[in-house]
Amino acid sequence: MQHHSAHPGAHPGLRAKHRKANLRTLAFLSPWLIGFSVFFAYPLLSTVYFSFMKYDGFAPPTWVGLKNWTYVFNDYPFFWPALRNTLWLVLVMVSLRVVFGLCVGLLIIKIKTGAGLFRTFFYLPYLAPPVAATMSFVFLLNPGTGPANTILDRLGLPQPGWFTDPNWSKPSLTLLALWGIGDLMVIFMASLLDVPKEQYEAAELDGAGPAQRFRYVTLPHISPIVLFAVVTGVIATMQYYTEPLVAAKVASGVIGGSGQQFEPGYPDKTTLTVPQIIYNLGFQRFDTGAASVVALVLFALAMAFTAILMRRRSGFMSAED
């Protein structure tokens, strides 16, 4: 009985305590909530809203239903080439960057002398500004005057057209991405040095060769880092804009002022990426509705890739991770 008589009186104090705890939690969460609302939720909802509107940034938006969607998927000539190029770069460039970064990391930690020099040599290109790095790379691979084809000619090897050949433009961009492998090299080196040496010694005593040691000792320990490299690589490649645009402009000879004509995606739309056409639609054609449609497609693809990779992590990472 005493418990029941005290119970009603305890409720207001308990409620006040809970309210204080909730307010305190909200106060700690507020920076994230504000950032999420202002920089993610509001822009995403606005993009969905404008994808159904005709809006040029000046006149008030007017409802057009699915007109923007049908225009992008059926009538806009750059959408499908840009999407194909972006997916190619995600599959090929990201895979090669992860494998090459891991190989370079393994190589440098095995080198006994001059490791610091090699580390600097591989890391320095990553520090180069994207525009300057791309311009110099295109000049190096220039089919007529570049040193790359001059060396290939002296060796009697075929000389590709690189950035001027539709078949070689995306592989050339991949080579540029592999040249700036310093970021992945560093994180792979850190994870490789963290693998316990005792496990290598135990595996060696059991008769495991180099390939088996890598498969059963190294890979399970570094798999979270590999997954991180793949996910961040996919997201970054989905936003790939500067390098292909600069490469196309330099290779086509348009590196001057804004008055010059420039065909996007030179050569033959092979360097077009989805972020380029979002910029083209939104800021050059002032077609905010169509740009919003492409942005939503890009967002959906990035989410789908990330979700697939995260769902497959159980087969990618060891049980204890």
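The structure contained in this document is the topic of the report that follows. (Residues numbered from 1 in each chain as written. Predicted model: local features only at pLDDT ≥ 70, side-chain atom pairs only at ≥ 80, totals over all residues. Heavy atoms only, no water.)

### Some details on unusual backbone geometry
Turning to step 1, where the next piece is worked out: Omega for the peptide link from Tyr 266 to Pro 267 comes to 0 degrees, which places this bond in the cis form.
Turning to step 2, where the next piece is worked out: Its place among the elements puts Pro 267 in the loop between α11 (242-251) and α12 (274-284).
Turning to step 3, where the next piece is worked out: Despite not being glycine, Trp 162 shows a phi value in the positive range, around 50 degrees.
Turning to step 4, where the next piece is worked out: Turning to its location among the elements, Trp 162 is positioned in the loop between α6 (147-154) and α7 (169-179). (Helix = DSSP H or I, 4+ residues; strand = E, 2+ residues; numbered from the N terminus.)

### Topic: the packing of aromatic side chains
Turning to step 1, where the next piece is worked out: One pass over the full model with this rule turns up 20 aromatic pairs.
Turning to step 2, where the next piece is worked out: Ring plane angle 50 degrees and centroid distance 5.7 Å describe the contact between Tyr 123 and Tyr 126, whose orientation is recorded as tilted. In this pair, Tyr 123 and Tyr 126 are both assigned in helix α4 (residues 115-127), three residues apart and thus about one turn of the helix distant.
Turning to step 3, where the next piece is worked out: Taking the relative accessible area as the measure of exposure, Tyr 123 reaches 28% and is therefore partly exposed.
Turning to step 4, where the next piece is worked out: When the ring centre of Tyr 216 is taken as origin, the NZ or CZ atom of Arg 215, which lies over that ring, is 5.0 Å away. (Phe/Tyr/Trp six-rings, centres within 6.5 Å; stacked < 30°, edge-to-face > 60°. Buried < 20%, exposed > 50% of the residue type's maximum accessible area, 1.4 Å probe, protein only. Lys NZ or Arg CZ within 6 Å of the ring centre and 35° of its normal.)

### Overview of the layout of surface pockets
Turning to step 1, where the next piece is worked out: When its volume is computed, the largest pocket comes out at roughly 630 Å³.
Turning to step 2, where the next piece is worked out: Taken together, 25 residues form the lining of the largest pocket, with Thr 47, Ile 278, Ala 295, Leu 296 and Leu 298 sitting closest to its centre.
Turning to step 3, where the next piece is worked out: Listed by contribution, the elements that provide at least two residues to the lining of the largest pocket are α1 (2-50), α10 (210-238), α12 and α13 (288-311).
Turning to step 4, where the next piece is worked out: Among the elements that line the lining of the largest pocket, the one with the most residues is α13, at nine residues.
Turning to step 5, where the next piece is worked out: Here the residues of the lining of the largest pocket are counted per class, giving 18 nonpolar, six polar and one charged. (1 Å grid on protein atoms, 1.4 Å probe; cavity = no way out; pocket = protein on both sides within 12 Å on 5 of 7 lines; lining within 4 Å. Points joined across faces, edges and corners; volume = space filled by probe spheres on them. Nonpolar A, V, L, I, M, F, W, Y, C, P; charged D, E, K, R; others polar.)

### Comments concerning the side chain of Ser 191
Turning to step 1, where the next piece is worked out: Tracing the sequence through the fold places Ser 191 in helix α8 (residues 182-193).
Turning to step 2, where the next piece is worked out: Of the polar contacts made by the side chain of Ser 191, one reaches the backbone oxygen of Phe 188; its length is 2.9 Å.
Turning to step 3, where the next piece is worked out: Residue contacts for Ser 191: discarding those within four places in its chain leaves Ile 222 and Ile 225. (Polar contact = N/O pair within 3.5 Å; in protein donor to acceptor, adjacent residues only side chain to side chain. Contact = heavy atoms within 4.5 Å.)

### Overview of helix α5 (residues 130-140)
Turning to step 1, where the next piece is worked out: Of the residues making up α5, those classed as buried are Ala 133, Thr 134, Phe 137 and Val 138. Viewed along the axis of α5, the buried residues span an arc of 130 degrees, placing them on a single side of the element.
Turning to step 2, where the next piece is worked out: Summarising the contacts, the buried residues of α5 are in contact with α7 and α11. (Arc of directions from axis to C-beta.)

### Describing the pattern of salt bridges
Pairing of side chains with opposite charge becomes possible as their charged atoms draw close.
Turning to step 1, where the next piece is worked out: All chains considered together, the criterion is met by one salt bridge.
Turning to step 2, where the next piece is worked out: Its salt-bridge partner being Asp 183, residue Arg 97 comes within 3.0 Å of it at the nearest N-O pair. With Arg 97 in helix α3 (residues 79-110) and Asp 183 in helix α8, the pair connects residues that are 86 residues apart, well separated along the chain. (Salt bridge = Lys/Arg side-chain N within 4 Å of Asp/Glu carboxyl O.)

### Here's the deal with a nonpolar patch on the surface
Turning to step 1, where the next piece is worked out: Taken together, the side chains of Leu 23, Leu 26, Leu 29, Trp 32, Leu 33, Phe 36, Phe 40, Phe 299 and Met 303 define a hydrophobic patch exposed on the protein surface, amounting to about 860 Å² of accessible area.
Turning to step 2, where the next piece is worked out: At the level of secondary structure, the elements contributing two or more residues to the nonpolar patch comprise α1 and α13.
Turning to step 3, where the next piece is worked out: For Phe 299, a relative accessible area of 30% puts it in the partly exposed group. (Patch = residues over 30% accessible without salt bridge, like charges linked within 9 Å, V, L, I, M, F, W, Y side chains within 5 Å. Areas by Shrake-Rupley, 256 points an atom, 1.4 Å probe, with all protein chains shown as cover.)

Everything listed is a geometric property; what it means functionally is a separate question.
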